[in-house]
Amino acid sequence: MDIKINKLSSYIKGFKKPLIIAGPCSAESNKQLLDTAYALQKTKTSIFRAGIWKPRTRPNSFEGVGVKGLEWLNNVQKETGLKVMTEVANAKHVEQVLKSNIDMLWVGARTTVNPFAVQEIAESLRGVDIPVFIKNPINPDMNLWLGAIERFANIGCEKLVAIHRGFFSYGSKKYRNMPQWQLPVELKRILPNIPIICDPSHIAGSRDLIESVSQKAIDLNFDGLMIESHIDPDNALSDKGQQISPNELGILVAKLVIRHNTISDKDFELSLEELRSQIDSLDNDLIATLMNRMNIAELIGKHKKENDVTILQPLRWEYILENRTFNGLKSGLSKDFMTLLLRAIHQESINIQTDIMNNKNRK
Ligand code: PEP
Ligand code: MN
């Protein structure tokens, strides 16, 4: 897709991967912001974040300090030289943020889900040259995320960045928001120029997982991290379970293993090429095997049709799932992978057999 998107290095002075954005979930007081910012200044943080209008799931929780927080952010700019950013959710927010010379802004997950709100924010930025960071929508809907990015591109915004903050899923789970890494990877395939930042705090929901999520993002070649950091995390007014102190943030960032996208080493390239050609040929074998399997499924479909037997045979499906998963596990493949793979194969067989029942030709 052809959208003009600027490189981070063109507008972030001294940009070096990974870009570190840090700061509290919410601005609470001038002192809390300054204490946090001064401490973060000693780390690799280059952009300071703080929310002043907080979209909270339930009313009567702390909903942010509002416009007075903008002055505090200005104090952070003046005192520490850090660039500052905050979240906007409507045109009024944008107007106030622009009046206060805030450096960058982000659109939250609860806003990205709403095309009306995104369009309103985008319109209010027409002709303004400010970087816009767009979080993924709460639900794993690629088109909503892409659509939000397009709305900003359409009004002429070229400093666009995507933020992966995970996706809501129902029920108890390890992460507050499931990472579903395939979505940011797919976004990058569609928009190869878009920088992507990971927000491990909102994915993790708890301090102990922030490091592993950060490392995973770096391994997937993300451009940076947005980590919630508070001078006194235990007493934070919002999201306290997922904020770390600036000191902890410094340690975490220093521990990250930074991998290169590529290196210019002939031996490395040759062995990579060799391994890739093996993968190419194995993938072709897999496709041929799957094709054979579908041809048999087609024959079974015809057989069932001639004998008026239903397509879905639950006992047979249960046996396949159990037996193949068992074999897969024995070979070192994970249960999740086996289940996903078998479900996809089984679904395709059912589709083929349904076509047979409906007299539709496969090829
Ligand atoms: C935040 O960054 O504090 C925030 C509200 O994030 P999200 O929109 O990802 O929930
Ligand atoms: Mn937060």
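Residues numbered from 1 in each chain as written. Chains lettered and ligands numbered in written order. Predicted model: local features only at pLDDT ≥ 70, side-chain atom pairs only at ≥ 80, totals over all residues. Heavy atoms only, no water.

### Some details on the domain arrangement of the protein
The figure often quoted for interface size is the accessible area lost as the parts come together.
So, point 1. Per the domain assignment, the segments making up the protein are domain 1 (8–255) and domain 2 (266–357).
So, point 2. Relative to domain 2, the C-alpha centre of domain 1 lies at a distance of 40 Å. (Domains from an automatic or database assignment.)

### Details of the coordination of the manganese ion (ligand 2)
So, point 1. Summarising the metal site, the manganese ion (ligand 2) is bound by the protein donors Cys25 (SG), His202 (NE2), Glu228 (OE) and Asp239 (OD), whose distances to it range over 2.1 to 2.4 Å.
So, point 2. All donors to the manganese ion (ligand 2) come from one chain, and their sequence spacing reads C-x176-H-x25-E-x10-D. Here Glu228 lies in strand E8 (residues 224–228) and Cys25 lies in the loop between strand E1 (19–23) and helix H1 (30–41), a separation of 203 residues in the sequence. Each member of the pair, Cys25 as well as Glu228, carries the same accessibility label: buried. (Donors = N, O, S within 2.8 Å, 3.2 Å for Na, K, Ca; no water. Helix = DSSP H or I, 4+ residues; strand = E, 2+ residues; numbered from the N terminus. Buried < 20%, exposed > 50% of the residue type's maximum accessible area, 1.4 Å probe, protein only.)

### Considerations on the packing of helix H5 (residues 115–123) against helix H6 (residues 142–154)
So, point 1. For the pair H5 and H6, the least separation of the axes is 9 Å and the interaxial angle reads 20 degrees. It follows from the interaxial angle that H5 and H6 lie roughly parallel. Considering how the two elements wind past one another, H5 and H6 form a crossing that is right-handed. Facing Pro115, Val118, Gln119, Ile121 and Ala122 of H5, the residues of H6 in contact are Leu144, Ala148, Arg151 and Phe152.
So, point 2. Partitioning the contact of H5 with H6 into residue classes produces 7 nonpolar, 1 polar and 1 charged. (Axes fitted to C-alpha atoms, helices over the stretch in contact; angles between N-to-C directions. Parallel < 35°, antiparallel > 145°, perpendicular 65-115°, else oblique. Left-handed = near helix turned anticlockwise from the far one by under 90°. Contact = heavy atoms within 4.5 Å. Nonpolar A, V, L, I, M, F, W, Y, C, P; charged D, E, K, R; others polar.)

### Let's talk about the nonpolar core
The nonpolar side chains of a soluble globular protein tend to be buried with one another.
So, point 1. Grouped together as the largest cluster of nonpolar side chains are 69 residues, with contacts concentrated most on Phe48, Val132, Phe152 and Leu187.
So, point 2. The dominant element in this core, judged by the number of residues it contributes, is H6, at 7 residues. (Core = buried A, V, L, I, M, F, W, Y, C linked by side-chain atoms within 4.5 Å.)

### Thoughts on the pattern of salt bridges
So, point 1. Counted by the stated rule, this structure contains 15 salt bridges.
So, point 2. Note that Glu158 is salt-bridged to Lys4, the shortest N-O span being 4.0 Å. Here Lys4 lies in the segment before E1 and Glu158 lies in the loop between H6 and strand E6 (160–164), a separation of 154 residues in the sequence.
So, point 3. A residue is classified by how much of its surface remains accessible, and Lys4, at 56% relative accessible area, is exposed.
So, point 4. The residue Lys159 makes a salt bridge to Asp129 at a minimum N-O spacing of 2.8 Å. One end of the pair, Lys159, is in the loop between H6 and E6; the other, Asp129, is in the loop between H5 and strand E5 (132–135), and 30 residues separate them in sequence.
So, point 5. Residue class for Asp129 comes out exposed when judged on its relative accessible area of 61%. (Salt bridge = Lys/Arg side-chain N within 4 Å of Asp/Glu carboxyl O.)

### Describing the site of ligand 1
So, point 1. Near ligand 1 the following residues occur: Cys25, Arg49, Lys54, Glu87, Trp106, Gly108, Ala109, Arg110, Lys135, Arg165, His202 and Glu228.
So, point 2. In the model, an oxygen atom of ligand 1 is placed 2.8 Å from a nitrogen or oxygen of the Lys54 side chain.
So, point 3. Lys135 places a polar side-chain atom, nitrogen or oxygen, 2.8 Å from an oxygen atom of ligand 1.
So, point 4. For ligand 1, whose free accessible area comes to 300 Å², the fraction covered by protein is 97%.
So, point 5. In terms of residue class, the shell around ligand 1 is made up of 3 nonpolar, 2 polar and 7 charged. (Near = heavy atom within 4 Å. Polar contact = N/O pair within 3.5 Å; in protein donor to acceptor, adjacent residues only side chain to side chain. Areas by Shrake-Rupley, 256 points an atom, 1.4 Å probe, with all protein chains shown as cover.)

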